[in-house]
Amino acid sequence: MKILMVIPYFVPAWSYGGPLSVCYLMSKTLVKQGHEVTVVTTDTLDGSNRISQSKEMIDGILIIRFKNISNSLAKKANIYLPIGFYDWLKKNIENYDVMHCHDFFTFQNVCVSMLARKHNIPYIVQPHGSAVPKIERGKSKIKSLFNHFWGKQIIKEAKSVIALTKQEKNDIQNYFSVENT
């Protein structure tokens, strides 16, 4: 099976934490099981540095990085705008059997959901605890706007949504009015 992992940051950008580790370990395991895994991501390393290689292979995982418009926007505001990603995805989407989107409030997930529907390719969403806007987590108004325009469609059209906890599952089901997560 050919799997496309979509995440705004990837190895070696370890400062971005949990979702990166999950995506890396999952990708590495899938490769060991005989699957072909490609990760598309940005070139962000941290708030001020970039990863120079646009394409490389790590542990059997093909990594394709797109230049991010601003590393400081990425680190400070969690905004990733990879130049050329949409065009690349449009051209290559039919090469994959399934896509797995990590994180939630991203331009990349909007692109995946739009093009996946058009090409009838299933995608999985793994928000890593972030799909439902909560005041205590910050930016709840911006996240609510994102969900109004794109988030609800991303969740409803996903083949599957992976929740980390029962509470996250309940939050997603209630907020997005979906039955199974």
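Look up: the structure comes first, before these words.
Notes on the structure in this doc start here. (Residues numbered from 1 in each chain as written. Predicted model: local features only at pLDDT ≥ 70, side-chain atom pairs only at ≥ 80, totals over all residues. Heavy atoms only, no water.)

### Here we look at the overall build of the protein chain
Broken down by element type, the protein chain carries 6 helices and 7 strands. Helices (α) and strands (β) of the protein chain occur, in sequence order from the N terminus, as β-α-β-β-β-α-α-β-α-β-α-β-α. A compact globule built from 181 residues would reach a C-alpha radius of gyration of about 16 Å, and the protein chain, at 15 Å, matches this within 12%. With respect to the three principal axes, the spread of C-alpha positions in the protein chain is 40 × 35 × 30 Å. Each of the 181 residues in the protein chain was classed as buried or not, and the buried ones make up 48%. As displayed, the protein chain has an accessible area near 9,200 Å², and 53% of this comes from carbon and sulfur atoms. Taking the average place of the 23 positive charges on the side chains of the protein chain and the average place of its 14 negative ones, the gap between the two points comes to 4 Å. (Helix = DSSP H or I, 4+ residues; strand = E, 2+ residues; numbered from the N terminus. Rg over C-alpha atoms; globule rule 2.2 N^0.38 Å. Buried < 20%, exposed > 50% of the residue type's maximum accessible area, 1.4 Å probe, protein only. Areas by Shrake-Rupley, 256 points an atom, 1.4 Å probe, with all protein chains shown as cover. Lys, Arg positive; Asp, Glu negative; His and termini not counted. Charge placed at Lys NZ, Arg CZ, Asp CG, Glu CD.)

### Structural notes on unusual backbone geometry
For the peptide bond that leads from Val 11 to Pro 12, omega is 10 degrees, which places it in the cis range. Assignment of secondary structure puts Pro 12 in the loop between strand E1 (2–6) and helix H1 (18–32). Positioned with a positive phi, Asp 59 is a non-glycine residue whose angle comes to about 50 degrees. Inspection of the secondary structure puts Asp 59 in the loop between strand E3 (55–58) and strand E4 (61–66).

### A short note on the sheet that holds E4
Strand order in this open sheet of 7 strands is E3-E4-E2-E1-E5-E6-E7, and the pairing throughout is mixed. Only two strands of the sheet have a single partner each, and these edge strands are E3 and strand E7 (160–161). Helix H4 (residues 107–119) rests against E1, strand E2 (36–42), strand E5 (98–102) and strand E6 (123–126) of the sheet, and its axis sits at about 155 degrees to E5. (Pairing = 2+ DSSP bridges. Contact = heavy atoms within 4.5 Å. Axes fitted to C-alpha atoms, helices over the stretch in contact; angles between N-to-C directions.)

### A word on helix H3 (residues 85–92)
Taken as a whole, H3 has its buried residues at Phe 85, Trp 88, Leu 89 and Asn 92. An end-on view of H3 places all buried positions within 95 degrees of arc, on one side of the element. In H3, the exposed positions angled more than 90 degrees off the buried face are occupied by Asp 87 and Lys 91. Residues of H3 that are buried in the fold lie against E1, E2, E4, E5 and H4. (Arc of directions from axis to C-beta.)

### Structural notes on the packing of H3 against H4
Any two packed helices are characterised by the angle at which their axes cross and by the distance between the axes. Taken N-terminus to C-terminus, the directions of H3 and H4 make an angle of 30 degrees; their axes are 10 Å apart at the nearest point. For the element pair H3 / H4, the angle class is roughly parallel. For H3 against H4, the interelement crossing comes out right-handed. Here Phe 85, Tyr 86, Leu 89 and Lys 90 of H3 lie close against H4, whose contacting residues are Phe 107, Gln 108, Cys 111, Val 112, Met 114 and Leu 115. Residue classes in the contact of H3 with H4 are distributed as 8 nonpolar, 1 polar and 1 charged. (Parallel < 35°, antiparallel > 145°, perpendicular 65-115°, else oblique. Left-handed = near helix turned anticlockwise from the far one by under 90°. Nonpolar A, V, L, I, M, F, W, Y, C, P; charged D, E, K, R; others polar.)

### Observations concerning the environment of Glu 94
Assignment of secondary structure puts Glu 94 in the loop between H3 and E5. On the basis of relative accessible area, Glu 94 is assigned to the exposed category, the value being 58%. The residues contacting Glu 94, other than those within four sequence positions of it, are His 119 and Ile 121.

### What about a nonpolar patch on the surface?
Together, Ile 69, Leu 73, Ile 79, Leu 81, Ile 83 and Phe 107 line one region of the surface with nonpolar side chains, adding up to about 490 Å² of accessible area. Residue placement: Ile 79 occurs in the loop between helix H2 (71–77) and H3. Residue class for Ile 79 comes out partly exposed when judged on its relative accessible area of 35%. (Patch = residues over 30% accessible without salt bridge, like charges linked within 9 Å, V, L, I, M, F, W, Y side chains within 5 Å. Salt bridge = Lys/Arg side-chain N within 4 Å of Asp/Glu carboxyl O.)

### Some details on the pattern of salt bridges
Taken as a whole and assessed by the stated rule, the structure comprises 3 salt bridges. Salt-bridge contacts for Arg 50 lead to Asp 43; the nearest nitrogen and oxygen are separated by 2.8 Å. We classify Asp 43 as buried; its relative accessible area is 7%.

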